[in-house]
Amino acid sequence: MKILYGVQGTGNGHLSRARAMAEAFRQFPDLEVQWLFSGRPPEKFFAMEAFGNYWWREGLTFVHKEGKIDQFATGRQLNLSRLLKDIRELPVQDFDLVISDFEPVTAWAAKKRKHPSLGLGHQYAFNFSIPTPSFGWAARAIMKMFAPVQVSLGMHWHHFGHPILPPIAHAHEEPAPAQQEHVLVYLPFEHAQPLLQQLAQVPQRFIVYGLPTDLPKAENITLKAPSVDGFRHDVATARAVICNSGFELIAETLTLGKPILTRPLKGQFEQEANALALEELQLATVVPQFDATTIGHWLEKHPVGVRICWPDVAGAIVYWLANGRRNSPQELAESLWEAVIPGNAATASSGSQSPQATGRTEAIRDIKGSEST
């Protein structure tokens, strides 16, 4: 079976999910995969060895400025003629199936030719009634048109009573038994200098990814360049994680039981919806802004996280594909949620569980169950 697999490269979460899928595909050599990436300049991709001789297209992306979507800049950088040309010339007919991780070139090329297509990723969960902000009607329409597919497998931290899969996420390292010194910060879309000025005022060591490493900074801040292994290690050994409300990093952080402080990008429908879900499920602390006072008060409370063990979703999807997709997406989702080990609240350094942790544990107990829950 020949598969054309398109990945939206705007955020690193899509790439992390694709790496897990590439590892799962290696267990089934009869599934021949050609990878295609879009959404960022080719020189901005890193650690791409798992994808072999992959293809690149310009695709579509959103422009972020100082912590929010810049709609004018997004529209200005759109090269519509090139996008249409790439869609028209993509040889989807050479493949048995097109898979799109919210990647528009592959999805639209398959749609135009009525070729079999499968959507895979968090964004496809918004095809169902899940927590969303009040401005969601237009954003939902845009998401439906961005990368349309015939069949989709959406993913979320909870099924919300729909055939939605758990995340593709697992712990790459076990969390250290003793509380660590540093807090991991991943805020690539924030205004860099004001953020660093605020972090400098907090008596805490921070390891920061996603910002230029040559920026002036205080002694309590370490700026690090992109690195898959380095980032995973720093998350696994962190005291806590501070990030925007993207999907994949939070899913991976939950496998480690790390406390999460998050702020959604303003005007970014998916992230604002994620923030609502995180509050409803009590999986993270959501704040409207990152400043020294907010971060300092949060750390002073010695926050604890909820640890959730997700099953091997990538392996289950690839097995499902290799066996002809004989089960329905709902049956696939139900079997995976039955394998979730939910709501193990991380303990404080004293070994006792705080009231906050206990409350979060009870709130998340129903994350496991059938889709009729």
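Structure shown above.
The text that follows walks through the structure, step by step, so that each part is easy to find. (Residues numbered from 1 in each chain as written. Predicted model: local features only at pLDDT ≥ 70, side-chain atom pairs only at ≥ 80, totals over all residues. Heavy atoms only, no water.)

**Topic: unusual backbone geometry**
Which entries qualify depends on this criterion: Each helix is a run of H or I in the DSSP string that is no shorter than four residues. Each strand is a run of E no shorter than two, and both are numbered from the N terminus. A simple rule labels every residue: compare its accessible area, found with a 1.4 Å probe on the protein chains alone, to the largest value its type can have, and call it buried under 20%, exposed over 50%, or partly exposed in between.
Of note, the phi angle at Ala47 is positive, near 50°, even though the residue is not glycine. Within the secondary structure layout, Ala47 lies in the loop between strand E2 (32-38) and strand E3 (55-56). Residue Ala47 is classed as partly exposed on the basis of its relative accessible area of 31%. Notably, Phe102 is not glycine yet its phi reads approximately 55°, a positive angle. Structurally, Phe102 is set in the loop between strand E6 (97-101) and helix H4 (104-112). A residue is classified by how much of its surface remains accessible, and Phe102, at 9% relative accessible area, is buried.

**A short note on the sheet that holds strand E14 (residues 285-286)**
Rule in force here: In short, DSSP must find at least two bridges between two strands for them to pair. The contact criterion used throughout is that any non-hydrogen atoms of two residues lie within 4.5 Å. Inter-axis angles, ranging from 0 to 180 degrees, are taken between N-to-C directions of lines fitted to C-alpha atoms, where helices are fitted over the stretch in contact.
In space, the six strands of this open sheet follow the order E11-E10-E9-E12-E13-E14, with parallel pairing throughout. Since the sheet does not close on itself, it has two edges, and those belong to strand E11 (221-224) and E14, each with one partner. Here four bridges tie strand E9 (residues 182-186) to strand E12 (residues 240-244), and the two strands are oriented parallel to one another. Following the sheet pairing, Val183 is matched in E12 by Ala240. Sitting on the sheet, helix H6 (residues 192-200) is in contact with E9, strand E10 (205-209) and E11, with an inclination near 145° to E11.

**A short note on the packing of helix H1 (residues 12-25) against helix H11 (residues 313-322)**
As a reminder of what qualifies: Any angle that is under 35 degrees is reported as roughly parallel, and any over 145 degrees as roughly antiparallel; angles of 65 to 115 degrees are reported as roughly perpendicular and all others as oblique. Less than a right angle of anticlockwise turn of the near helix away from the far helix marks a crossing as left-handed, whereas a clockwise turn marks it as right-handed. Residue polarity follows a fixed list, in which Ala, Val, Leu, Ile, Met, Phe, Trp, Tyr, Cys and Pro are nonpolar, Asp, Glu, Lys and Arg are charged, and the others, Gly among them, are polar.
Direction vectors running N to C along H1 and H11 enclose 50°, while the axes themselves pass 9 Å from each other. Looking at the two axes, H1 sits oblique to H11. H11 is crossed by H1, and the crossing has right-handed handedness. Along its contact with H1, which presents Ala20, Met21, Ala24 and Phe25, the element H11 presents Ala314, Gly315, Ile317, Val318 and Leu321. Tallied by class, the residues present in the contact of H1 with H11 amount to eight nonpolar, one polar and no charged.

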